[in-house]
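# Topology and contacts: notes
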Amino acid sequence: MKLKLTPQELLESFKLLTDKQKSEFIMLVMQHMDDFIDDDIGMESPAGDRLRWGEHPLDTLAELVPMEGVQCIVTNPDKPAKLLTVRVELQNVQPPIWREIQLPSNLVLESFAHVILMAMGWGMEHLHQFVKGGKYYSVPSDFNSDMMGNANHADSLLYTVGDLIIKKGNKCTFEYDFGDGWEHSVSVTSARDYKQGENRTLVSVTGGARACPPENVGGPLGYEEYLEALADPESDEALDTIEWYGEIDPEEFCLEDFDEEIKSIPGNGDQPQPGAWY
């Protein structure tokens, strides 16, 4: 059966979905990728090559990827996987706010971005990108479409975590909310081969400390002022700050809650089937 909607109509319909429905839709597209390639594009075409990396089936579909990125676990089964343990730490704040995450090295980079955002506790309201060796990795959008042709910018749907960091000590940077300017260091603390029988698509949170700052608080300097307001909430200015950004416990972190949330991401822990993209 041929699709009766135009790409623009599909885009407009997608915008009406809830976040959960968007995740399910993207997951469904990836699950049926083989049929789409074989019947409608052909494996020898450039689009077919891009699809085999788990990218959007049409350029128009790039617009369908929400700001928070691919909301499911997608691995590239054509690449060998190592089990990585990485430490993600928010920069320029004290005491440290950090998470420890275990993941397969062949996890698609944009899926890893979603994992970081959820594990840290960000609201996923802003753009994000990875930076490694002067090169930027992000989902193509209206914001960066002109830069995508530049050698220093790459599509994060076409790369895996292992393309950037694969050995103990390897590091990259994850940036979120270009206005507030949040930077996260991402470093590999251990890397090993999978043992026989280990789940090669499972992503989990294994450690961490302290709560994520509120959204739009103004970056590290704004967060420092916010913490001062929490410590001495008597002044009108402090009360206004707390009312505006909400009140959190900066020391709060529940490993079980964060790990459970990460494991609820569609595709997490699912064993890949022939032709599947997760």
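As shown above, the structure is provided for reference.
These notes cover the structure that comes with them. (Residues numbered from 1 in each chain as written. Predicted model: local features only at pLDDT ≥ 70, side-chain atom pairs only at ≥ 80, totals over all residues. Heavy atoms only, no water.)

With that settled, the discussion passes to the nonpolar core. In terms of nonpolar packing, the biggest core is built from 45 residues, with Val-86, Leu-103, Phe-112, Phe-130 and Val-186 touching the most fellow members. Elements with a contribution of two residues or more to this core: strand S1 (82–90), strand S2 (98–104), helix H5 (109–120), helix H6 (161–164), strand S6 (171–176), strand S7 (182–193), helix H7 (219–231) and helix H8 (236–245). Examining the composition of this core, we find that nine residues originate from one element, H5, more than from any other. Not counting the four nearest positions on each side in its chain, Leu-103 is found in contact with Lys-82, Leu-83, Leu-84, Val-86, Phe-112, Val-161, Tyr-194, Leu-202 and Val-203. (Core = buried A, V, L, I, M, F, W, Y, C linked by side-chain atoms within 4.5 Å. Buried < 20%, exposed > 50% of the residue type's maximum accessible area, 1.4 Å probe, protein only. Helix = DSSP H or I, 4+ residues; strand = E, 2+ residues; numbered from the N terminus. Contact = heavy atoms within 4.5 Å.)

Moving on to the environment of Glu-198. Along the chain, the position of Glu-198 falls in the loop between S7 and strand S8 (204–209). Separated by 115 residues in sequence, Glu-198 and Leu-83 have C-alpha atoms that sit 9.6 Å apart. A polar side-chain atom of Glu-198 sits 2.6 Å from the main-chain amide nitrogen of Lys-195. (Polar contact = N/O pair within 3.5 Å; in protein donor to acceptor, adjacent residues only side chain to side chain.)

Looking now at the pairing of strand S3 (residues 128–132). Along S3, four of the five residues are buried, which leaves the element largely enclosed by surrounding structure. Where S3 and S6 come together, four bridges link them in antiparallel fashion. Opposite Phe-130, over in S6, you have Phe-174 as the bridge partner. Two successive antiparallel strands, S3 and strand S4 (residues 135–138), enclose a turn made up of two residues, where Gly-133 displays a positive phi of approximately 60°. (Pairing = 2+ DSSP bridges.)

Taken together, the side chains of Glu-224, Glu-225, Glu-228, Asp-236, Glu-237, Asp-240 and Glu-243 present a region of like negative charge at the surface. Broken down by secondary-structure element, the contributors of at least two residues to the negative patch are H7 and H8. Among the elements that take part in the negative patch, H8 stands out by supplying four residues, more than any other. Assignment of secondary structure puts Glu-228 in helix H7. (Patch = residues over 30% accessible without salt bridge, like charges linked within 9 Å, V, L, I, M, F, W, Y side chains within 5 Å. Areas by Shrake-Rupley, 256 points an atom, 1.4 Å probe, with all protein chains shown as cover. Salt bridge = Lys/Arg side-chain N within 4 Å of Asp/Glu carboxyl O. Lys, Arg positive; Asp, Glu negative; His and termini not counted. Charge placed at Lys NZ, Arg CZ, Asp CG, Glu CD.)

Moving on, we come to the sheet that holds S6. On the basis of which strands lie adjacent, the open sheet formed by eight strands has the order S5-S4-S3-S6-S7-S1-S2-S8 and mixed pairing. Each edge of the sheet is formed by a strand with only one pairing partner; in this case those strands are strand S5 (153–155) and S8. When strand polarity is set aside, the average angle formed by the axes of neighbouring strands in this sheet is 25°. Lying on the sheet, helix H9 (residues 255–263) is in contact with S2 and S8; it crosses S8 at an angle near 145°. (Axes fitted to C-alpha atoms, helices over the stretch in contact; angles between N-to-C directions.)

Next up on the list: H5. Between its first and last C-alpha, H5 extends 16 Å over 12 residues, near the 16 Å set by a 1.5 Å rise per residue. The element H5 is largely enclosed, with a buried count of 12 among its 12 residues. Residues Leu-109, Glu-110, Ser-111, Phe-112, Ala-113, His-114, Val-115, Ile-116, Leu-117, Met-118, Ala-119 and Met-120 constitute the buried set of H5. Two residues or fewer after H5 comes Gly-121, characterised by a positive phi angle close to 105°. (Expected span 1.5 Å × (residues − 1).)

Let's shift gears to unusual backbone geometry. With an omega of -10°, the peptide bond between Gln-94 and Pro-95 qualifies as cis. Along the chain, the position of Pro-95 falls in the loop between S1 and S2. A positive phi angle, close to 60°, is found at Met-124, a residue other than glycine. Summarising the element assignment, Met-124 is placed in the loop between H5 and S3.

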